[in-house]
Amino acid sequence: MLFNSYVFLFAYLPVTLAGFFILGRRSRLWAAAWLAGASLFFYGWWDYRYLPLLLGSIGFNYGCATVLGPGRIRHRKGLLIAAIAANLGLLAYYKYAGFFVASLAQLLAQPMPILHVVLPIGISFFTFTQIAFLVDTYQGKAQESRFVHYLLFVTYFPHLIAGPVLHHKEMMPQFADRRIFRLSGRNVAIGSTIFIIGLAKKVLVADNIGPYAAPLFSDPAAPTLLAAWGGVLAYAFQLYFDFSGYSDMAIGLSRLFGVRLPLNFDSPYKARNIAQFWRRWHMTLSRFLRDYLYIPLGGKRCGPVRRYLNLMITMVLGGLWHGAGWNFIVWGALHGAYLGVHKAWSEVARRLHLPLDSRAWKIVATAITFAAVCVAWVFFRAPNMATSWAILQGMAGGNGIAIPDALASRVPALQRLLETVGVTFYLGEGFQFVKTWTWIGIAALLAFAFPNTQQIMRRCTPALDFQRASTAGAAGPDMARLLTWRASPAWAAAIALLALASILALNQPADFLYFQF
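How each quantity is defined
- Residues numbered from 1 in each chain as written.
- Predicted model: local features only at pLDDT ≥ 70, side-chain atom pairs only at ≥ 80, totals over all residues.
- Heavy atoms only, no water.
- UniProt positions renumbered as here; feature names shortened; annotations may be inferred.
- Helix = DSSP H or I, 4+ residues; strand = E, 2+ residues; numbered from the N terminus.
- Rg over C-alpha atoms; globule rule 2.2 N^0.38 Å.
- Buried < 20%, exposed > 50% of the residue type's maximum accessible area, 1.4 Å probe, protein only.
- Contact = heavy atoms within 4.5 Å.
- Areas by Shrake-Rupley, 256 points an atom, 1.4 Å probe, with all protein chains shown as cover.
- Phe/Tyr/Trp six-rings, centres within 6.5 Å; stacked < 30°, edge-to-face > 60°.
- Expected span 1.5 Å × (residues − 1).
- Bend = angle between axes of the 7 residues up to and from the residue.
- Core = buried A, V, L, I, M, F, W, Y, C linked by side-chain atoms within 4.5 Å.
- Salt bridge = Lys/Arg side-chain N within 4 Å of Asp/Glu carboxyl O.
- Polar contact = N/O pair within 3.5 Å; in protein donor to acceptor, adjacent residues only side chain to side chain.
- 1 Å grid on protein atoms, 1.4 Å probe; cavity = no way out; pocket = protein on both sides within 12 Å on 5 of 7 lines; lining within 4 Å.
- Points joined across faces, edges and corners; volume = space filled by probe spheres on them.
- Nonpolar A, V, L, I, M, F, W, Y, C, P; charged D, E, K, R; others polar.

In the nomenclature of an unreviewed UniProt entry, the chain is known as Probable alginate O-acetylase AlgI of Janthinobacterium rivuli. Database annotation for the chain, UniProt heading Sequence similarities (unreviewed entry): "Belongs to the membrane-bound acyltransferase family." According to the UniProt record, the Subcellular location (unreviewed entry) comment for the chain reads "Cell membrane".

This brings us to the overall build of the chain. On a plain count of helices and strands, the chain comes out with 24 helices and two strands. The globule rule puts the C-alpha radius of gyration for 517 residues at 24 Å, and the 24 Å found for the chain is close to it. On the principal axes, the C-alpha backbone points of the chain span a range of 80 × 65 × 55 Å. Going through the 517 residues of the chain one by one, you find that 51% of them count as buried. The long-range fraction of contacts in the chain, counting pairs at least 24 apart against all pairs at least 6 apart in sequence, stands at 73%. Total accessible area on the chain stands at roughly 23,900 Å², and carbon and sulfur atoms take up 65% of it.

This part takes up the packing of aromatic side chains. Enumeration over the complete set of coordinates arrives at 59 aromatic pairs. Ring geometry for Phe 3 versus Tyr 246: centroids 5.4 Å apart, planes at 5°, classification stacked. Residue Phe 3 is found in the segment before α1 (6-24), and its partner Tyr 246 is found in helix α11 (residues 225-256); the two are separated by 243 residues along the sequence. You can call Phe 3 buried: its relative accessible area is 2%. Residue Tyr 246 is classed as buried on the basis of its relative accessible area of 2%. Ring centres of Tyr 269 and Phe 370 lie 4.9 Å apart, and the angle between their planes is 70°; this geometry places the pair in the edge-to-face category. You can see Tyr 269 sitting in the loop between α11 and α12 (274-280) and its partner Phe 370 sitting in helix α16 (residues 359-381), a full 101 residues away along the chain. Each member of the pair, Tyr 269 together with Phe 370, is buried.

Its 25 residues give helix α9 (residues 185-209) an end-to-end C-alpha distance of 35 Å, which sits within 8% of 36 Å, the value for a rise of 1.5 Å per residue. In α9, a bend of some 25° at Lys 202 exceeds every other bend along the element.

To continue, consider the side chain of Thr 16. Structurally, Thr 16 is set in helix α1. If near-sequence neighbours (up to four positions away) are discounted, Thr 16 is found in contact with Trp 34, Leu 35, Ala 38, Phe 157 and Phe 257.

Right, let's talk about the nonpolar core for a bit. Counting 149 residues, the largest nonpolar core has Phe 3, Phe 8, Phe 157, Phe 175, Tyr 269, Trp 281 and Trp 377 as the members making the most contacts within it. Residue contributions to this core peak at 17 residues, all from α11. Setting aside chain neighbours within four positions, we find Trp 281 in contact with Leu 239, Tyr 240, Phe 243, Asn 264, Phe 265, Pro 268, Tyr 269, Ser 286, Trp 377 and Tyr 514.

Turning our eyes to something else, we now look at the pattern of salt bridges. Opposite charge on two side chains makes pairing possible when the charged atoms of those side chains draw close. The full count for this structure, using the stated rule, is 10 salt bridges. For Lys 202, the salt bridge goes to Asp 207, with nearest N and O atoms at 3.1 Å. With a relative accessible area of 0%, Lys 202 lands in the buried category. Here Asp 291 and Arg 290 are joined by a salt bridge, their closest N and O atoms 2.8 Å apart. On the basis of relative accessible area, Asp 291 is assigned to the partly exposed category, the value being 26%.

A word on the side chain of His 322. Residue position: His 322 is located in helix α14 (residues 304-322). In this structure the side chain of His 322 is engaged in a polar contact, spanning 2.8 Å, whose partner is the backbone oxygen of Gly 318.

Over the atoms, a rolling probe the size of a water molecule traces out where space has been left empty. Of the pockets and cavities examined, the largest pocket occupies roughly 930 Å³. Lining of the largest pocket is provided by 28 residues; of these, Ala 275, Trp 278, Arg 279, Ser 286 and Arg 290 occupy positions nearest its centre. Broken down by secondary-structure element, the contributors of at least two residues to the lining of the largest pocket are α12, α13 (283-297), α14 and α15 (326-352). Ranked by residues supplied to the lining of the largest pocket, first place goes to α13 with eight residues. Here the residues of the lining of the largest pocket sort into 11 nonpolar, seven polar and 10 charged.

What follows is the structure, encoded as structure tokens:
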């Protein structure tokens, strides 16, 4: 079931909310059980045949956690390792078995049976969530003795399918507060506003710009410079607003129930270096990889060489987590290399006392970081390596520069000037060219010049780990003041119009891109 579908908005969500608050007046346990049951229904709507797998995973991990607490049994570490291995084994089978068999067949040049394993939706997220819970239980940071609450923690529908990756200590203590079982007008106003902003990002921006990226990646055919960059930028902004929209919707939906989720997205394209980008993109996954992979590998404690190696291992495995394919491995390795270059450059700049805080350098650094991210997105989106190289060749100008003749002929003087620098012209597709770059311009304006959702909602602590200081000043003071939400008739009218426009655009709801990971 999609957040951006009529059945979710006008049937599932109202019934789930009503049941939660009605039962919450009688029993908090019943309300929690209702919400867990509704979340299982939400998951089963996609394919009920995978419910036993989800429930089996939950039962197995709950059983392991009950004996993993400090002082419960001997050989706790061995049990923790075995439990994590079982979780990763399940994930490996469903996500990577086909890829490994195909790669082995290619390596050995021998035919092998093709595996048709269907990837259960959300398996990466509920597996990582439970691994984190096992480790936290082993370390004494988490404890859960009520199965219903553990079931709710894993299946809670706002985060079940595509994150954020939650820690038990972040979410479940909130259910100890009896106030969340009472319908709150403030939470409804804040949650619905955040949700509608996210819905608008998805259906009004991401879904409209996506079609301008698809032709490039499905059939690159020696793209010229502007065609290649147009398709890649369209995809970069499609993914940005798709995932940003989903993250907002998850936070907004949870706030309707009075539960605050952690931030998962914080204007990553405004980052001035690649390390900052990863602190802003898919923030809870980055936190998981740092805490449960990079630091256990040794982090930066074992010298510079080991630090760079740990960074590369973490990012390559992070790339492989996103998908079973060589393209995702290259994408992860590229980001590992970017992080290595950033660390080395930061050290050189520090020793030479370079003025990295100047406004000019910040603009240049943001542009370089965004360009590097876009280059990596080519591998992330392309169906194979051959397509990736073809697009990169076009982005580098290897196929020349060309624009529609219908545009150039309108300004003869400019056409002659362009001809002298090697620009060529082609017939047709002028309207498509204009629409592509118009959408890119709109998306870039929204991403770089406007405040993000948590900045708009900063007066009401929109997320669990929201910090006013970290997001203040991202927009000009006048724009920040104008675009700061408040409970007023003007804001209610604006959000109502945004909701109406979004709902009218829901006739063909599109999947979220991160559902496939």
